[in-house]
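Here are the chains, one letter per residue:
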Amino acid sequence: MTRAPATSRGWALSEESVEPSEGAGALRFPNGFIWGAATAAHQVEGGNVNSDWWEWEHTAGSGCSEPSGDACGSYERWPEDVGIVADLGLTSYRFSIEWSRVEPAEGEWSRAALDHYRRLCEGCWERGVVPTVTLHHFTLPLWLARRGGWEAVDAADSFGRYCERVAAHLGEVVGRACTINEPNIVAICGYQFGLFPPGRRGDTVAVARVSEALIAAHRRAVEALHSGPGAYPVGMTLAVPVLELAPGGEAQLAAARESESAYLAAADGDDFIGVQCYTRLRVGPHGPVAPPRGTRLTDVGWEYWPQAAGAAVRQVARATHAPILVTENGVATH
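The present account deals with the structure reproduced in this document. (Residues numbered from 1 in each chain as written. Predicted model: local features only at pLDDT ≥ 70, side-chain atom pairs only at ≥ 80, totals over all residues. Heavy atoms only, no water.)

**Remarks on the sheet that holds strand β2 (residues 92–96)**
- Within the open sheet, the seven strands sit side by side as β1-β2-β3-β4-β5-β7-β10. Their pairing is parallel. Because the sheet does not close on itself, it has two edges, and the strands there are β1 (36–38) and β10 (324–328). Shown here is a sheet whose adjacent strand axes are inclined to one another by a mean of 30°, direction ignored.
- Summarising the sheet, strand β4 (residues 176–181) and strand β5 (residues 234–239) pair through three bridges and their orientation is parallel. Along β5, the bridge assignment pairs C178 with G235.
- Relative to the sheet, helix α7 (residues 155–170) contacts β3 (130–136) and β4, its axis offset from that of β3 by approximately 155°. (Pairing = 2+ DSSP bridges. Helix = DSSP H or I, 4+ residues; strand = E, 2+ residues; numbered from the N terminus. Axes fitted to C-alpha atoms, helices over the stretch in contact; angles between N-to-C directions. Contact = heavy atoms within 4.5 Å.)

**Things to note about a nonpolar patch on the surface**
- Together, Y278, V300 and W302 line one region of the surface with nonpolar side chains, adding up to about 290 Å² of accessible area.
- Within the element layout of this structure, W302 appears in the loop between β9 (287–289) and α11 (308–317). (Patch = residues over 30% accessible without salt bridge, like charges linked within 9 Å, V, L, I, M, F, W, Y side chains within 5 Å. Areas by Shrake-Rupley, 256 points an atom, 1.4 Å probe, with all protein chains shown as cover. Salt bridge = Lys/Arg side-chain N within 4 Å of Asp/Glu carboxyl O.)

**Quick notes on the sheet that holds β9**
- Read across the open sheet, the three strands follow the order β6-β8-β9; overall the sheet is mixed. Every other strand in the sheet has two partners, leaving β6 (242–245) and β9 as the edge strands with one partner each. In this sheet, neighbouring strand axes are inclined to one another by 50° on average, regardless of whether the strands run parallel or antiparallel.
- Sheet analysis places strand β8 (residues 280–284) next to β9, joined by three bridges and oriented antiparallel. The partner of G284 across the bridge, within β9, is G287.
- The sheet contacts of helix α10 (residues 250–267) involve β6, β8 and β9, and relative to β6 the element is tilted by about 160°.

**Examining helix α5 (residues 111–126)**
- With 16 residues, α5 should reach 22 Å at 1.5 Å per residue; the first-to-last C-alpha distance of 22 Å fits that figure.
- Every buried residue of α5 is listed here: A113, L114, H116, Y117, L120, C121, G123, C124 and W125.
- The inward-facing, buried residues of α5 abut α3 (74–87), β2, α4 (99–102), β3 and α7.
- Of the residues flanking the end of α5, it is G128, one or two places downstream, whose phi is positive at about 75°. (Expected span 1.5 Å × (residues − 1). Buried < 20%, exposed > 50% of the residue type's maximum accessible area, 1.4 Å probe, protein only.)

**Details of the packing of helix α9 (residues 204–227) against α10**
- The interhelical angle for the contact between α9 and α10, taken along N-to-C directions, is 15°, at an axis separation of 10 Å. Accordingly, the angle class assigned to the pair α9 and α10 is roughly parallel. In terms of crossing hand, the pair formed by α9 and α10 is right-handed. Contacts between α9 and α10 pair S211, L214, I215, H218 and R219 from the former with A262, Y263, A266 and A267 from the latter.
- A class-by-class count of the residues in the contact of α9 with α10 yields six nonpolar, two polar and one charged. (Parallel < 35°, antiparallel > 145°, perpendicular 65-115°, else oblique. Left-handed = near helix turned anticlockwise from the far one by under 90°. Nonpolar A, V, L, I, M, F, W, Y, C, P; charged D, E, K, R; others polar.)

**What about the nonpolar core?**
- In terms of nonpolar packing, the biggest core is built from 76 residues, with L135, W150, F159, Y162 and L170 touching the most fellow members.
- With 10 residues, the top contributor of residues to this core is α9.
- Once residues within four sequence positions are removed from consideration, L135 is found in contact with I97, F159, Y162, C163, V166, A177, C178, T179 and L225. (Core = buried A, V, L, I, M, F, W, Y, C linked by side-chain atoms within 4.5 Å.)

What follows is the structure, encoded as structure tokens:
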């Protein structure tokens, strides 16, 4: 990750050259380069009972192997988590705010939840870590999901109001903000492949409609976050798999690239765009196809291909003028 172009009022971190550990050779990263780690609220906090994902993982046939339950208890144990980030020598921690905690019922705001996330941001700064806040990381409050989720006519406005409330309460202690995590994945996995709530399959009309709503929600969020206190960069994060053509996949590949282009166009004037990539994908007539037999795989069955992050950054750099941050990358391994 690169250094953010601005920091919140009253907070600043020194720029130092990042050097490798002993024995790692002569590699040096430029001044201001930031190493970070990332989590998502529903994956680590535990007890997010008012979200659509909590309901989804308790639904038979959803594909979830087990419910999140207490997860690793990060809602209470966040000081330990931030301490681990700092002790590792990292200087950025990306985490998400759980909308269903902040607004558990429509129009009802939890001051306790907002205070919690403010303490988390302040705790990051106190340990020399920049808090990178994500406003939406896959989960929706149940009250909105039951009105149609991102298909609801007022979904973007509802998200904008939530962002306004968060910005007013936390703005002075935010280091940078990501509006929506991987909106392209939210649309495709929820309405094309049935892997996310609401679990629909093959509904290409809904994919297009939800994509438009997510882009509108992103624009509302950018406006809301910039209107509050503090001065911090704002952008979206996008899943950018490196796509390769498999036999018969021409139409699917073209559709995937068209969808990516729409999101990149929506982010082109932002302070940054977050690039997230773990592997490359081969696209056939019905979507992604399995890697060839004998391919080295990670523990989640994806191709082990370390070149993915660099390829994705170059791919996005050719299509947008926005500064690029690598907000997710890694390898699944025990």
